[in-house]
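What the coordinates show
Listed below, chain by chain, are the residues.
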Amino acid sequence: MPLVNNKVGDDSTVGTDKALADGKALVDSLMKVVACYRHLASCVGGCTDSLQLRDELRQTREKAQKLAVAICHHLTSHLRDKSLPKEQRKEMELQWVAFSSSLELLHVDMCKVFNVAEIFSLANSHTLVQTGLQGGGSEVAARALSLPDLNQTPSQTLPASLESQEHSTMEQEISQIDHMIDDMEMKVNVLRWMVEPHGPQYADPLSSTDSTSLAMLSVDEEQPGPQSLCQRKHIFVLLLLFCVVLLAATLSVSVVIFS
């Protein structure tokens, strides 16, 4: 009987599972950082805009770009592997779609910050829009960057005199993200509309609670409740009043005619 060595196959499966777990962790981290950047970007040009906010945006943007480079290299190397099993390839493609979507959102928000920061300069705080908001996004940024306290991190705050230099640097970073998105589409051909998500987190948004509520609503519509009884009582009272008025009018006309 021939001997079969399954060690190579097991090692390959373990390696693929580890790659999936690493990719998922990286993509989840990028999604959190992109969400944080979007939150901070909404404050640019408002009354909470400041040099600290611009520095938080810079740190968050740098963190997102580092994650994007790592994810792009990780997913590209595995998706271009022809020996990747079918199930693992589906998971990788799902991660690829989440990654590319997050990268596009980051690109959109960076363009937004670039354009708004060009209009609202920190050199003149009187031009900022008084939105009425208070506080900043330091706590949100600290959680996204995995830092205990963003205000205590040794980072050099950007002076207002170097605002134009920061503007030029951000323009280059936007161009790099744009080039990365184009390069990703050239290296890996993953059709987003062909990727089908699966798992409990992608289940039908109609939950059991919603379905129960709909069932109760249908039962209420089929069975008359207190509200329908009240409506019937109101109709009966109106009909009774109408009959009384009609009878009184008939009697008045009869008295006039026969008198």
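All values derive from a computational prediction rather than experimental measurement. (Residues numbered from 1 in each chain as written. Predicted model: local features only at pLDDT ≥ 70, side-chain atom pairs only at ≥ 80, totals over all residues. Heavy atoms only, no water.)

**Describing the overall build of the protein**
Stated formally: Counting from the N terminus, the helices are the DSSP runs of H or I reaching at least four residues and the strands are the DSSP runs of E reaching at least two. Working definition: with a 1.4 Å probe on protein chains only, accessible area under 20% of the residue-type maximum means buried, over 50% means exposed, and in between means partly exposed. What sets the accessible areas is the Shrake-Rupley method with a 1.4 Å probe; for residues, cover comes only from the shown protein chains.
Check the secondary structure of the protein and you find seven helices and zero strands. Residue burial in the protein is summarised as follows: out of 259 residues, 31% are buried. Taken as a whole, the protein presents about 17600 Å² of accessible surface, with 61% of it coming from carbon and sulfur.

**Some thoughts on a nonpolar patch on the surface**
Note the cut-off: Only residues above 30% relative accessible area that lack a salt bridge enter a patch, with like-charged residues linked at up to 9 Å and the nonpolar side chains Val, Leu, Ile, Met, Phe, Trp and Tyr linked at up to 5 Å. When a carboxyl oxygen of Asp or Glu lies within 4 Å of a side-chain nitrogen of Lys or Arg, that pair is called a salt bridge.
A surface patch of nonpolar side chains, about 610 Å² in accessible area, is lined by Phe236, Val237, Leu238, Leu240, Leu241 and Val244. Position of Leu240 among the secondary structure elements: in helix H7 (residues 226-258).

**Points about the nonpolar core**
Side chains of nonpolar character tend, in soluble globular proteins, to be buried together. The line we're drawing: By convention a nonpolar core is built from buried Ala, Val, Leu, Ile, Met, Phe, Trp, Tyr and Cys residues, the set being connected through side-chain atoms within 4.5 Å.
By size, the foremost hydrophobic cluster in this structure holds 42 residues, and its most contacted members are Trp96, Phe99, Leu103 and Leu106. Looking at this core, the elements that each hand over two or more residues are helix H1 (7-41), helix H2 (51-79), helix H3 (86-119) and helix H5 (163-187). Broken down by element, this core gets its largest block of residues, eleven residues, from H3.

**Description of the packing of H2 against H5**
Spelled out, the test is: The axes used here are C-alpha line fits, helices contributing only the stretch in contact, and every angle between their N-to-C directions lies in the interval 0 to 180 degrees. When an angle is under 35 degrees it counts as roughly parallel; over 145 it counts as roughly antiparallel; between 65 and 115 it counts as roughly perpendicular; any other value is oblique. Two helices crossing with the near one rotated counterclockwise from the far one by less than a right angle form a left-handed crossing, whereas a clockwise rotation gives a right-handed crossing. Note on definitions: a residue-residue contact is assigned when non-hydrogen atoms from the two residues lie within 4.5 Å.
Interaxial distance between H2 and H5 falls to 12 Å at its minimum, and their mutual angle equals 20°. Accordingly, the angle class assigned to the pair H2 and H5 is roughly parallel. In the packing of H2 onto H5, the handedness of the crossing is left-handed. In this structure, H2 uses Arg54, Arg58, Arg61, Gln65, Ala68, Val69, Cys72 and Thr76 to contact H5, whose residues at the interface are Glu163, Glu166, Met170, Glu173, Gln176, Ile177, Met180, Met184 and Lys187.

**A look at the confidence of the model for the protein**
In plain terms, the rule: pLDDT runs from 0 to 100 and stands for how confident the predictor is about each residue.
Confidence in the prediction for the protein averages 75 pLDDT; 63% of positions are at 70 or higher. The spread of mean pLDDT over the elements of the protein runs between helix H6 (residues 208-222), the lowest at 51, and H2, the highest at 90. For the stretch residues 152-158, pLDDT sits under 50, and the model shows eleven contacts to residues farther than four places along the chain or on other chains.

**Some words on the pattern of salt bridges**
In this structure the tally under the stated criterion is eight salt bridges. Here Lys24 and Asp28 are joined by a salt bridge, their closest N and O atoms 3.0 Å apart. On the criterion of helical spacing, the pair formed by Lys24 and Asp28 is a turn pair, its members being four residues apart in helix H1. Here Lys24 falls in the partly exposed class, since its relative accessible area comes to 47%. Here Lys187 and Asp183 are joined by a salt bridge, their closest N and O atoms 3.2 Å apart. Of the two residues, Lys187 and Asp183 are both situated in helix H5; the distance of four residues between them amounts to about one turn of the helix. Relative accessible area serves as the criterion here: at 41%, Lys187 is assigned to the partly exposed category. Here the salt bridges share partners, and the residues they tie into one network are Asp55, Arg58 and Glu62.

**As for H5**
To keep things clear, this is the line we draw: Under the convention used throughout, the expected extent of a helix is 1.5 Å for every residue step, that is, one less than its residue count.
Its 25 residues place the ends of H5 36 Å apart at the C-alpha level, agreeing with the 36 Å of an ideal helix rising 1.5 Å per residue. Burial in H5 covers these residues: Glu163, Glu166, His167, Met170, Glu173, Ile174, Ile177, Met180, Ile181 and Met184.

**Some details on the environment of His74**
With respect to the helices and strands, the residue His74 is situated in helix H2. His74 sits in the buried class, given a relative accessible area of 14%. For the pair His74 and Gly23, spaced 51 residues apart in the sequence, the C-alpha separation amounts to 7.0 Å. Residues in contact with His74, not counting those within four places in the same chain, are Ala19, Asp22, Gly23 and Met92.

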